[in-house]
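Secondary and tertiary structure notes
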Amino acid sequence: MNVTGLNNLIIILIFGSLILLSFLKITNPLNVNKKANFCFGVFLLLWATFWMDELALLIGFSKINVYLNVIIHFIQFFTPLVLYFSIVFFTNPNYKFSKYDLKYLILPFIFLALLVILSIKSSAFVHLFSIVLMLIQSLFYVLASYLKIRKHKKNTLVFSSNANEIDLSWLEYIILSLFLMSIIITIYNMFFFLSTLNIFLNGISFIIILIISHYSLKQKEIFPLDEKQRSQIILINEQEDLIEAKRKVVSDEELVALKIKLHQVMLEQQPYLDSELNLIKLSELVKSTPHQVSYAINSGFNENFFHFINKYRVERAKKLLVNDKMKHFSILGIAYESGFNSKTSFNSTFKKITNQTPSEFKKKRTDL
């Protein structure tokens, strides 16, 4: 198979993979992060349209009608915007559209006007301006998506004790890849307008799609399904800046009492052994509000929720790792017995707190 044939095969695989993955995300058989996955599926579908021209040539279709071409390019312009809103729903499933969101339509309709002008009369300047506008749109929303994920990663530590699988790290890496791809493809189009994407760019695109498929199909529900709990957690996230500013939520006397209660509950009831423990569940155990508990952990213990819970888990794991009765347990078994939900989460959290992996800790203690 020559290079052209291989490139054609990759184009078919890219288009087919995106259509299939889009269908799976929109139908969402796992029923997780519903709004976010619906938007993400639409994003994948829009992304697939960028290979329609090349696919049409491969299967012998004649050139696409000028007006249909305008419509397709106009729809394609929404691709980074739809990706951004999928991130919005991943980080806040309660988000609702309002009239203020109409501002997001300004650039698309400017782009539509440019497309109409180009369909009437070819202009190198208008063409270049439309490409620059698409680049600006892509880079802006990719950057906005990246920053929103970074904030979400920080927020997960406020309400979740096992944040590794819900912090959207997989999306962060994909967005960085898309950021680079946007620049490369736009520059390529500026200099090779009449050329199709070469095998190198198509190959990278296909690899990114495979990575997206792997991680997006194994995602977990980020926020509690219970609407009341979900709303409370989202409210805590929105008010986190106030907590960081040390705004008093309870008096100093109440803070001391709440700290004692928290420590007592952690020692006597060991809620940290529940791998699904979150801020809402803990606040119910200490009979306080999530906001007050979050404030007590932040201001009273100078920690976030994630670190507060996991230091208890790590202490239990340290005891189990050197316990002769637990010798038959694997590292994964110790992780589960300590409240962690995966070996990866256990290793990364244990090392973050102790500066050594569980295996290193066990070996050093055994050698003593």
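You'll find the structure just up there.
Since the structure is predicted, the reported quantities are computational estimates derived from the model, not experimental observations.

1. Some remarks on the pattern of salt bridges
- For the structure shown, the criterion picks out 7 salt bridges.
- Linking Arg150 and Glu172 is a salt bridge whose minimum nitrogen-to-oxygen distance equals 2.8 Å. Here the residue Arg150 occupies a position in helix H7 (residues 124-159), and Glu172 occupies one in helix H8 (residues 169-191), the gap between them amounting to 22 residues.
- In this structure Glu172 comes out as buried when scored by relative accessible area, which is 3%.

2. Concerning the nonpolar core
- Among the nonpolar cores identified, the biggest contains 78 residues, and Trp47, Leu262 and Leu282 are the most heavily contacted of them.
- The element contributing the most residues to this core is helix H5 (residues 79-91), with 9 residues.
- Ignoring anything within four residues of it in the chain, the contact list for Leu282 reads Leu262, Met266, Pro271, Leu277, Val293, Ile297, Phe305, Phe308 and Ile309.
- Counting 12 residues, the second largest nonpolar core, distinct from the first, contains Leu320, Ile331, Ile334 and Ala335.

3. Some words on the layout of surface pockets
- Roughly 440 Å³ of volume is contained in the second largest pocket.
- Lining the second largest pocket are 17 residues, with Asn164, Glu165, Trp170, Tyr215 and Lys218 positioned closest to its centre.
- Where the lining of the second largest pocket is concerned, the elements lending two or more residues are H8 and helix H17 (343-354).
- Among the elements that make up the lining of the second largest pocket, the one with the highest residue count is H8 (3 residues).
- Across the lining of the second largest pocket, the residue classes tally to 6 nonpolar, 7 polar and 4 charged.

4. Some words on empty space enclosed by the protein
- Overall, the coordinates contain 1 cavity of 30 Å³ or more when judged by the stated rule.
- Its volume calculated, the largest cavity comes out at about 30 Å³.

5. Topic: the packing of aromatic side chains
- Per the counting criterion, the structure on display carries 27 aromatic pairs.
- Arranged with centres 5.8 Å apart and planes meeting at 20°, the rings of Phe43 and Trp47 form a pair that is stacked. You can see Phe43 and its partner Trp47 sitting in helix H2 (residues 34-48), 4 residues apart, about one turn around the helix. One exposure class covers both Phe43 and Trp47, and it is buried.
- Geometrically, the ring pair formed by Phe85 and Phe97 is tilted, given 5.1 Å between the ring centres and 55° between the ring planes. With Phe85 in helix H5 and Phe97 in the loop between H5 and helix H6 (106-120), the pair connects residues that are 12 residues apart, well separated along the chain.
- Take Phe85: its relative accessible area is 8%, and that puts it in the buried class.

6. Structural notes on helix H12 (residues 252-268)
- A rise of 1.5 Å per residue sets the reference length of H12, with its 17 residues, at 24 Å; its end C-alpha atoms lie 24 Å apart and thus fit the reference within 8%.
- Buried within H12 we find Leu255, Leu258, Leu262, Val265 and Met266. Down the axis of H12, the smallest arc covering the buried residues is 95°, so these residues share one side. Exposed side chains of H12 directed beyond 90 degrees from the buried face belong to Glu253, Ile260, Leu267 and Glu268.

7. Side note on the side chain of Ser288
- Along the chain, Ser288 falls in the loop between helix H13 (279-285) and helix H14 (290-300).
- A relative accessible area of 18% places Ser288 in the buried class.
- The residues contacting Ser288, other than those within four sequence positions of it, are Leu258, Ser283 and Val293.

8. Quick notes on the packing of H2 against H5
- The geometry of H2 relative to H5 is characterised by a closest axis approach of 8 Å and an angle of 165° between their N-to-C directions. For the element pair H2 / H5, the angle class is roughly antiparallel. Between H2 and H5 the crossing geometry is left-handed. Residue-level inspection shows Lys35, Ala36, Asn37, Cys39, Phe40, Val42, Phe43, Leu46 and Trp47 of H2 in contact with H5, the latter providing Thr79, Val82, Leu83, Phe85, Ser86, Phe89 and Phe90.
- Looking at side-chain class alone, the contact of H2 with H5 contains 12 nonpolar, 3 polar and 1 charged residues.

How each quantity is defined
- Starting afresh in each chain, residues are numbered from 1 along the sequence in its written order.
- In keeping with the predicted nature of the model, local features appear solely for residues at pLDDT of at least 70, side-chain atom pairs appear and are counted solely at 80 or more, and the whole-chain, interface and lining totals rest on all residues.
- Excluding hydrogens and water, the side-chain figures rest on all heavy atoms present in the structure.
- The salt bridge criterion pairs a side-chain nitrogen of Lys or Arg with a carboxyl oxygen of Asp or Glu, the two atoms within 4 Å.
- Starting at the N terminus, helices and strands are each numbered in turn, a helix being any DSSP run of H or I of at least four residues and a strand any DSSP run of E of at least two.
- With a 1.4 Å probe rolled over the protein chains alone, any residue whose accessible area is under 20% of its type maximum counts as buried; one over 50% counts as exposed, and the rest are partly exposed.
- As used in this record, nonpolar core signifies buried Ala, Val, Leu, Ile, Met, Phe, Trp, Tyr and Cys residues forming a set joined through side-chain atoms within 4.5 Å.
- Two residues form a contact once any of their heavy atoms are found within 4.5 Å.
- Residues are called lining when one of their atoms sits within 4 Å of a cavity or pocket point, these points coming from a 1 Å grid over the protein atoms alone, where a cavity is a set in which a 1.4 Å probe fits but cannot get out and a pocket is an open set with protein on both sides within 12 Å along at least five of seven lines.
- Grid points are joined across faces, edges and corners, and a volume is the space filled by probe spheres set on the points.
- All residues other than Ala, Val, Leu, Ile, Met, Phe, Trp, Tyr, Cys, Pro, Asp, Glu, Lys and Arg, Gly among them, are scored as polar; the first ten of these are nonpolar and the last four charged.
- Each aromatic pair joins two rings of Phe, Tyr and Trp (for Trp, the six-membered one) with centres within 6.5 Å, and gets the label stacked for planes under 30 degrees apart, edge-to-face for over 60, and tilted for any other angle.
- To estimate how far a helix should extend, the number of its residues minus one is multiplied by 1.5 Å.
- The directions from the helix axis to the C-beta atoms are what the arc is built from.
- To get an axis, fit a line to the C-alpha atoms, keeping to the stretch in contact for a helix; angles then go from 0 to 180 degrees between the N-to-C directions.
- Note that the term roughly parallel is reserved for angles under 35 degrees, roughly antiparallel for angles over 145, roughly perpendicular for angles of 65 to 115, and oblique for everything else.
- Each crossing gets its handedness from the near helix: less than a right angle anticlockwise from the far helix is left-handed, clockwise is right-handed.

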